[in-house]
Amino acid sequence: MQIPKEEKTYVMIKPDGVRKGLIGEIIRRMEQRDLKIVALEMFQPSREQMDKHYPKDEKWLRRIGERTQATYTKYDHDIKRDFGTADPLRVGKTVRKWLIDYMSSAPLVKMAVQGVHAVDMVRKIVGDTMPYLADMGTIRGDYSADSAISANIEHRAIFNLIHASETPQEARHEIEHWFGKKNIFKYKRFGIDE
Ligand code: GDP
Ligand code: MG
């Protein structure tokens, strides 16, 4: 029988996750939730690979820029002082560059994860983008306390341990980008698939 909404998502343990020794803990939390690891590898990405991973479209860049702006308004900080501009598109482009610098600076762990509603389930396990706001019990909430303001002042991406696709389309694109079409495994988990 076809399991409803069985899908795959893409997960990457970021440099801070690897350096904090959280590889095992992150995998454990997903397997514990009946999610199945169907591809897994440690690797050092190139800048070009990382550049292809993150979207370049204006909508994505604006979203990042607008959220950054919202943080500055909320905490009454001056965005122009850190970014030289308040234009969301330019702010988004700057954050994207910091993200690429960071993600290509050290080894990462990449994986494809399969399960019912895998995209939403993994996002829930991972928690909010901003670690200081992420719920306790989530990976970001339990193991990081980084904030956007400190990251922006230091001209770097927020250290939030892990990347996880946000939509099934993003997941398909990312799995194909990092694993190609063929390197995904099939197996049955005891108690879940049979
Ligand atoms: P995610 O899907 O929860 O990882 O978040 P996004 O897709 O919105 O952003 C991608 C990554 O960019 C995040 O995981 C952060 O590492 C980084 N990031 C997002 N917003 C900001 C920000 O306002 N400032 C900085 N410095 N980094 C950010
Ligand atoms: Mg994202």
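Predicted model, so just to flag it, every value in this text is computed and none were measured.

Asks: I tried to follow the site of ligand 1 on my own but got confused; where do I start?
Replies: Residues in close proximity to ligand 1 total 18 residues, the closest being Arg123, Thr129, Asn152, Arg156 and Asn160. One of the side-chain nitrogen or oxygen atoms of Arg140 is found 3.0 Å away from an oxygen atom of ligand 1. Notes on ligand 1: free accessible area 560 Å², of which the protein chains cover 98%. Residue assignment for the shell around ligand 1 shows that the elements contributing at least two residues are α4 (58-74), α6 (88-103) and α9 (148-153). Per-domain counts for the shell around ligand 1 show at least three residues from each of domain 1 (1-44 + 107-143 + 160-186) and domain 2 (47-105).

Asks: Is there a simple way to explain the domain arrangement of the protein chain in this structure?
Replies: You'll often see interface size given as the accessible area lost when the parts meet. Taken domain by domain, the protein chain consists of domain 1 (1-44 + 107-143 + 160-186) and domain 2 (47-105). Look at where the C-alpha atoms of domain 1 and domain 2 centre, and you get two points 23 Å apart. Facing the 16 residues of domain 1 at the interface are 14 residues of domain 2. Ranking the residues of domain 1 by area buried against domain 2 places Pro15, His177 and Trp178 at the top, with a combined share of 29%. Where domain 1 touches domain 2, the interface holds one salt bridge. In this structure, the connection of domain 1 to domain 2 is made through six residue pairs in polar contact (both at pLDDT 80 or more). Elements represented by at least two residues in the side of domain 1 that touches domain 2 include exactly β1 (6-13), α1 (15-19) and α10 (168-179).

Asks: Looking at this structure, I do not really get the side chain of Arg156. What am I missing?
Replies: Tracing the backbone through its elements, the reader meets Arg156 in the loop between α9 and β4 (162-164). There is a polar contact of 2.7 Å between the side chain of Arg156 and the side chain of Glu154. Excluding anything up to four places from it in sequence, Arg156 contacts Trp98, Asp146, Ser150 and Ala151.

Asks: What is the right way to look at the packing of aromatic side chains in this model?
Replies: Each aromatic ring pair is summarised here by two numbers: the centre-to-centre distance and the angle between the ring planes. What the rule picks out here adds up to eight aromatic pairs. Taken together, a centroid distance of 6.4 Å and an interplanar angle of 5° make the contact between Tyr10 and Trp178 stacked. With Tyr10 in strand β1 and Trp178 in helix α10, this pair connects stretches of sequence that are 168 residues apart. Overall, the relative accessible area of 6% leaves Trp178 in the buried class. Ring centres of Phe83 and Trp98 lie 5.2 Å apart, and the angle between their planes is 35°; on these two criteria the pair is classed as tilted.

Asks: Looking at this structure, I do not really get the pairing of β1. What am I missing?
Replies: In the case of a regular strand, side chains alternate between the two sheet surfaces. Across the eight residues of β1, six count as buried, placing the element largely inside the fold. By the bridge criterion, eight bridges tie β1 to strand β3 (residues 108-116) in an arrangement that is antiparallel. Looking at the pairing, Met12 lines up with Lys110 of β3. The sheet contact formed by β1 and β4 spans three bridges and is antiparallel. Considered in β4, the bridge of Val11 is made with Ala164.

Asks: How should unusual backbone geometry be read in this particular structure?
Replies: In terms of backbone geometry, most residues other than glycine have negative phi values and most peptide bonds are trans. One non-glycine residue with positive phi stands out, namely Asp34, at about 70°. Along the chain, Asp34 turns up in the loop between α2 (23-32) and β2 (36-43). Not every positive phi belongs to a glycine, and Asp76 is a case in point at roughly 55°. Its location among the elements puts Asp76 in the loop between α4 and α5 (79-83).

Asks: Help me understand the sheet that holds β1, please; the structure alone is not making it clear to me.
Replies: Sheet strands pair by backbone hydrogen bonding; their relative direction is either parallel or antiparallel. The four strands lie next to each other as β2-β3-β1-β4, forming an open sheet whose pairing is antiparallel. Of all strands in the sheet, those with a lone pairing partner are β2 and β4, marking the two edges. Within this sheet the neighbouring strands show an average axis-to-axis angle of 20°, counted without direction. Where β2 lies against β3, seven bridges are found, and the strand directions are antiparallel. Within the sheet, the bridge partner assigned to Met42 lies in β3 and is Val109. Lying over the sheet, helix α7 (residues 118-126) contacts β1, β3 and β4, oriented at roughly 35° with respect to β1.

The rules we used
- Residues numbered from 1 in each chain as written.
- Chains lettered and ligands numbered in written order.
- Predicted model: local features only at pLDDT ≥ 70, side-chain atom pairs only at ≥ 80, totals over all residues.
- Heavy atoms only, no water.
- Near = heavy atom within 4 Å.
- Polar contact = N/O pair within 3.5 Å; in protein donor to acceptor, adjacent residues only side chain to side chain.
- Areas by Shrake-Rupley, 256 points an atom, 1.4 Å probe, with all protein chains shown as cover.
- Helix = DSSP H or I, 4+ residues; strand = E, 2+ residues; numbered from the N terminus.
- Domains from an automatic or database assignment.
- Contact = heavy atoms within 4.5 Å.
- Buried area = accessible area lost by both parts, 1.4 Å probe.
- Salt bridge = Lys/Arg side-chain N within 4 Å of Asp/Glu carboxyl O.
- Phe/Tyr/Trp six-rings, centres within 6.5 Å; stacked < 30°, edge-to-face > 60°.
- Buried < 20%, exposed > 50% of the residue type's maximum accessible area, 1.4 Å probe, protein only.
- Pairing = 2+ DSSP bridges.
- Axes fitted to C-alpha atoms, helices over the stretch in contact; angles between N-to-C directions.

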